[in-house]
Structures are given as structure tokens and as C-alpha cells.
Amino acid sequence: MSASSWWDKSTGFALLTILLWASLAALTSRITSVSPLVLVGLVLFFCGAGALPFWRQWRARPITWLVTVAALLFYHLLLFMSFRHAPVLEANLINYLWPLCIILFTPLLLPGHPLHARHLLAGALGLAGSVLVMVNGELQLQQAYLPGYLLALGAAIIWGAYSVLSRRLPPAPAVVTAAACLPAGLLALLLALWLEGPLPLEQIPTRDWWLIVGLALGPMGAAFVTWYLALRDGDPRRIGALAYLTPLLSTLLLVLLNGEQLTPRHLLAGAFIMGGALLGMLGKSPAARKQKEPAAPSLS
């Protein structure tokens, strides 16, 4: 198989996004001075503020703004909450069921993108790897962490559905994805003000402020734009399988930076996930089929 059969620009954007997202759990789990809702609001606000210099390019239909803002807000809220109710390593890996959701949602939401046996097998391998992190040597969930597991699963479903639906949204400049973080962040902060009382900004240490800014610039800033560019022109089935590399890299960072314990169970899960990602990348590139596949109808 030649390099051109699997590599294209969308693959490059997807890999760049994966590298940025790999640091999300490690950075987020180190911020404990504020609630998940306040943290989501601050990070999304700073991310959206970074798009202000490009305000002239904020041209998008209302449906695009609505879907993007809702997805960014609820995905990150559920994800950050899951880190408080389950071990970060395990919640993080369960969250990465969203590539499987992309693979399964694609034929339901995008015409001309049928599932093939390799996509199903790739998804099955990724699912098997994720299930391994939910059990502790036995075929049963660890009851104490079930709320965190369910929150992480909910986050995965939201991001998988949004990633596929973004192909059906009316076309918009890539910067709109980052700009949508601004209203999403403001909504989160207003919700925190209503539910939790005054925002405890003065109790946030300097170190956490730097981590918040880092999240806004990288895994929750530039990564949104590169992910949009990857999905705009790429095949969601292939990108969804490739995205399973993210939990592998993220897990390694958690082990290195946060001192998380890496067990044989996690290594086996990583092997399944890696195998699924590589299998899902097989086949012709989307560019080779572009003329043969009908365009997805817009949601507008």
C-alpha cells in the first residue's frame, strides 16, 4: 500500500489534533481549585477570546453556532465531571469511545459512507480496549466509579455525534469552531454563578491559571480548528479509527506526569486500541473516492 493511499491533508490535521488532545486529561486533572463547571467556563472563554482578532471571519448560519456551542459545552462539562467521580486514567479511556461512536454514527448520518467489515472490526477492537479499563480483573463494573464511567460515556456519545454532524452543517470558516467557545464558556460561567454562587476566581493559584491558559491555547483551542479541518474533507470512518491513538498517548502522559499506575490490563487495552486504529486506516483515501460519493445534505 503506497503512502498516498492512506495519507492526505485531512490525515495530517487529524494527527495534529490527536497530539494536542493527548495532553487534555493530564492537564485538566491537575486543576482542582475550582469546580468542573467553572473550569469548563474559564477554559472555553479564553479559547474563544483567542479567536477575537479574527472576528470578521465569524460567518456562520445559526444552526452551526447552536450545534457547535452545545457540543463544546456539554462534552467538556461531562468529561471534566467524570474526572472527579472516577479514576482519571479510566474515565479518560472510556471517554475515548467517541471514535467508535464516529464509526457507528457515520453510516446513519452521512449518505455514501457505508460501514465495511474492517470498520466494524476496528470499532470492536477499540471497544474491547475501552471495556478493559472499566473492569478490574473481573467482568463487572467497579460500582463505586459508575457515575464517573457514565459521565465519560455521555461525553463520548456527544463528541462522536457532533464530529459526524459537523459534516452536515452549513459550511463556515474553521475559526468559527474556536469562536463558538466564547458563548459556550460564558454560558458555563453563568450556569456556575447560578448553581454554585460567586465565581471563586481569587482562590485559583497562579499555577492553575497557567494550566487553564495552556488548555485554551492547545487541546481546547487550536485542536478544535484542526479537528474541524480534518473532518471537513476527510472520511469520518478512517479518522474515527485513527483517533483511537489519542487514549494511548494520553494514558502514557498520565503515567509520566501524574504518576498514574500503568497495569498489564492497561497495556492490553492499548494494544487493542492501537490495532483498531491501524486497521481502520486501511483502504483508499477519501480523495480517491470523492467523485463517487454523494455529498451529505445540509442541516440548514
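Bear in mind that the values here come from a model prediction, so they are computed numbers and not experimental data.

Engineer: Which parts of the structure should I look at to understand the packing of helix α5 (residues 88–95) against helix α8 (residues 146–165)?
Structural biologist: When two helices pack together, you describe them by how their axes are tilted relative to each other and by the distance separating the axes. Where α5 contacts α8, the two axes come as close as 8 Å, and the packing angle between them is 30 degrees. Classified by the angle between their axes, α5 and α8 sit roughly parallel to one another. For the element pair α5 and α8, the recorded crossing hand is right-handed. Listed contacts from α8 to Glu90, Ala91, Ile94 and Asn95 of α5 are Tyr149, Ala152, Leu153, Ala155 and Ala156. Residue classes in the contact of α5 with α8 are distributed as 7 nonpolar, 1 polar and 1 charged.

Engineer: What should I look at first to understand the packing of aromatic side chains in this one?
Structural biologist: The way to describe two aromatic rings as a pair is by their centre distance and the angle between their planes. Within this structure, the stated rule accounts for 11 aromatic pairs. On the basis of an interplanar angle of 80 degrees and a centroid distance of 5.8 Å, the ring pair of tryptophan 21 and tryptophan 159 is categorised as edge-to-face. Linking tryptophan 21 in helix α1 (residues 9–21) with tryptophan 159 in helix α8, this pair joins segments that are 138 residues apart in sequence. For the pair shown, tryptophan 21 and tryptophan 159 are each scored as buried. One aromatic cluster is present, built from ring pairs that chain together Trp21, Tyr75, Trp98, Trp159, Tyr162, Phe224 and Trp227.

Definitions and cut-offs
- Residues numbered from 1 in each chain as written.
- Predicted model: local features only at pLDDT ≥ 70, side-chain atom pairs only at ≥ 80, totals over all residues.
- Heavy atoms only, no water.
- Axes fitted to C-alpha atoms, helices over the stretch in contact; angles between N-to-C directions.
- Helix = DSSP H or I, 4+ residues; strand = E, 2+ residues; numbered from the N terminus.
- Parallel < 35°, antiparallel > 145°, perpendicular 65-115°, else oblique.
- Left-handed = near helix turned anticlockwise from the far one by under 90°.
- Contact = heavy atoms within 4.5 Å.
- Nonpolar A, V, L, I, M, F, W, Y, C, P; charged D, E, K, R; others polar.
- Phe/Tyr/Trp six-rings, centres within 6.5 Å; stacked < 30°, edge-to-face > 60°.
- Buried < 20%, exposed > 50% of the residue type's maximum accessible area, 1.4 Å probe, protein only.

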